[in-house]
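Residue strings, one per chain:
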Amino acid sequence: MRLNDCHNFHDFQTLARKRLPSPIYNYIAGGADDEVTLRANTTSFERCDLIPNVLRGVEDVDLSTTVMGQKIDLPVYLSPTALQRLFHHQGERATAAAAEKFGTMFGVSSLGTVSMEELAKKHSNPQVYQFYFHKDRGLNRAMMQKAKESGIKVMMLTVDSITGGNRERDLRTGFSIPFRLTMAGALQFAIKPMWGFNYVTHEKFSLPQLDAHIDMRGDSLTIGRYFTEMLDPSMTWDDVEKMVGEWGGEFCLKGVMSVEDAKRAADIGCSGIVLSNHGGRQLDGSTTAFDQLDEIVQAVGDRIDVMIDGGIQRGTHVLKALAIGAKAVGLGRYYLFPLAAAGQAGIERAVGKLKEELVRDMRLMGCTSVDQLTPDMVKFK
């Protein structure tokens, strides 16, 4: 199987599985507990039908939108995700470059493997910095200040990960950072030698957003312990309100799922929220972002930009979310599998395929711009 054989999400996932050692593939693909929410994120879109209009004159289609003050050419963005240079040696460099090619926004994680400063200097498209709330308040301020000095305009605080989810695939393989593999997990690395060759012949793995603040070398701190020991489960709305004031710009909460929390985010001055269950990797049995979207848009859509992520696999999924009122849709595994399969070329092919779907589906819906997608164009079963 080659990159040219990939035409949809499932093709890219298959190619990534062929090229990655099993522990790394399962780290991307897996969810929490029984993975009920992981599956529901995609199936939730099947409970909603599109209602197209015809004879609307749709030769030219404009996919651009504005979210949190950022003008983007596509109504999708590449969500911040951790550890990308484990999946492919290009890591976030490939993600940022592919996003720039399509004129859209991308995110860099606190657990990212390329520095946000490097990417901000090299790329002109909007960049989001996603971070976690640490027990060390000074560390939180220092990380925000670093982002501000780098010229980043959008701060995204993840609020659904005050502790790590129970990801049993990782427990079975022994996946962790630093690596502490089981015998079976180690064998999977041995039978995928090309991944190992690329890993050892390229830039040494690091977490530059954290390296200046936390010692994560050797056995000092695993990713699992980072979540359980460094992050602060006592975080409150008062803490976040102070951070919004300190940042003084576009501030987004990622992981909001209830109407009450959406209203509170608007009240404290957030400019955006991402409805998200962390790709089904945290609280298994959680509702899906798509199922919450309509109620939350009706409650706060006139006060705050509402986005969603989780389970997006098709252009029609994006159109359904936009029609209900999402300002933009975040992609996660949708670009991570192509990254793992073929680096920047993989992401560009995947996003290009999605753009083709969006243009085709917009024409079939009778729409020439995303603001023409309205709630009367969807029907729940």
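Since this is a predicted model, take the numbers as computed values, not measurements.

Caption draft 1: Expanded view of the pairing of strand 5 (residues 106-109). In strand 5, alternate side chains face the same way, and those of Phe-106 and Val-108 on one face and Gly-107 and Ser-109 on the other are all buried. Relative to strand 6 (residues 127-131), strand 5 runs parallel, the two being bridged by four bridges. Following the sheet pairing, Gly-107 is matched in strand 6 by Val-128. Once the chain exits strand 5 it traverses helix 6 (residues 116-122) before rejoining the sheet at strand 6, and the crossover so formed is right-handed.

Caption draft 2: Inspection of unusual backbone geometry at higher detail. Of note in the backbone geometry, Asp-33 takes a positive phi value of approximately 50 degrees without being a glycine. The backbone of His-278 sits at a positive phi, close to 65 degrees, despite the residue not being glycine. Note on placement: His-278 falls in the loop between strand 9 (272-275) and helix 15 (289-300).

Caption draft 3: Examining the environment of Ala-147 more closely. Checked against the element boundaries, Ala-147 lands in helix 7 (residues 137-149). Ala-147 sits in the buried class, given a relative accessible area of 0%. When the C-alpha atoms of Ala-147 and Gln-130 are compared, they prove to be 9.8 Å apart, with 17 residues separating the residues in sequence. Residues in contact with Ala-147, not counting those within four places in the same chain, are Met-116, Tyr-129, Ile-152, Met-155 and Trp-247.

Caption draft 4: Inspection of the side chain of Thr-42 at higher detail. Relative to the assigned elements, Thr-42 resides in helix 3 (residues 36-43). A residue is classified by how much of its surface remains accessible, and Thr-42, at 14% relative accessible area, is buried. Discounting chain neighbours no more than four positions away, the residues touching Thr-42 are Gly-311, Gln-313 and His-317.

Caption draft 5: Spotlight on the pattern of salt bridges. On inspection of all chains with the given rule, the structure shows 13 salt bridges. The closest approach of N and O atoms between Arg-314 and Glu-357, which form a salt bridge, is 2.8 Å. Here the residue Arg-314 occupies a position in the loop between strand 10 (305-309) and helix 16 (315-324), and Glu-357 occupies one in helix 17 (residues 333-365), the gap between them amounting to 43 residues. When its relative accessible area of 8% is taken as the criterion, Glu-357 is described as buried. Here the salt bridges share partners, and the residues they tie into one network are Arg-93, Glu-118 and Glu-203.

Caption draft 6: Quick look at the packing of helix 14 (residues 259-267) against helix 15. Viewed as axis vectors pointing N to C, helix 14 and helix 15 meet at an angle of 35 degrees, and their least axial separation amounts to 9 Å. Like other packed secondary-structure pairs, helix 14 and helix 15 cross with a definite hand, here right-handed. Where helix 14 approaches helix 15, its residues Val-259, Ala-262 and Lys-263 are matched on the opposing element by Glu-295, Ile-296, Ala-299 and Val-300. For the contact of helix 14 with helix 15, the class distribution of residues is five nonpolar, no polar and two charged.

Caption draft 7: Structural detail: the packing of aromatic side chains. Enumeration according to the criterion identifies nine aromatic pairs in this entry. Consider the rings of Phe-9 and Phe-337, whose centres lie 5.7 Å apart with planes at 70 degrees: the pair is edge-to-face. Taken as a pair, Phe-9 in helix 1 (residues 9-19) and Phe-337 in helix 17 lie far apart in primary sequence, 328 residues in all. You can call Phe-9 buried: its relative accessible area is 7%. The ring centre of Tyr-27 lies 4.8 Å from the NZ or CZ of Arg-281, which sits over that ring.

Here is what the cut-offs are and how they apply
Residues numbered from 1 in each chain as written. Predicted model: local features only at pLDDT ≥ 70, side-chain atom pairs only at ≥ 80, totals over all residues. Heavy atoms only, no water. Buried < 20%, exposed > 50% of the residue type's maximum accessible area, 1.4 Å probe, protein only. Helix = DSSP H or I, 4+ residues; strand = E, 2+ residues; numbered from the N terminus. Pairing = 2+ DSSP bridges. Right-handed = clockwise from strand over helix to strand, strands pointing away. Contact = heavy atoms within 4.5 Å. Salt bridge = Lys/Arg side-chain N within 4 Å of Asp/Glu carboxyl O. Axes fitted to C-alpha atoms, helices over the stretch in contact; angles between N-to-C directions. Left-handed = near helix turned anticlockwise from the far one by under 90°. Nonpolar A, V, L, I, M, F, W, Y, C, P; charged D, E, K, R; others polar. Phe/Tyr/Trp six-rings, centres within 6.5 Å; stacked < 30°, edge-to-face > 60°. Lys NZ or Arg CZ within 6 Å of the ring centre and 35° of its normal.

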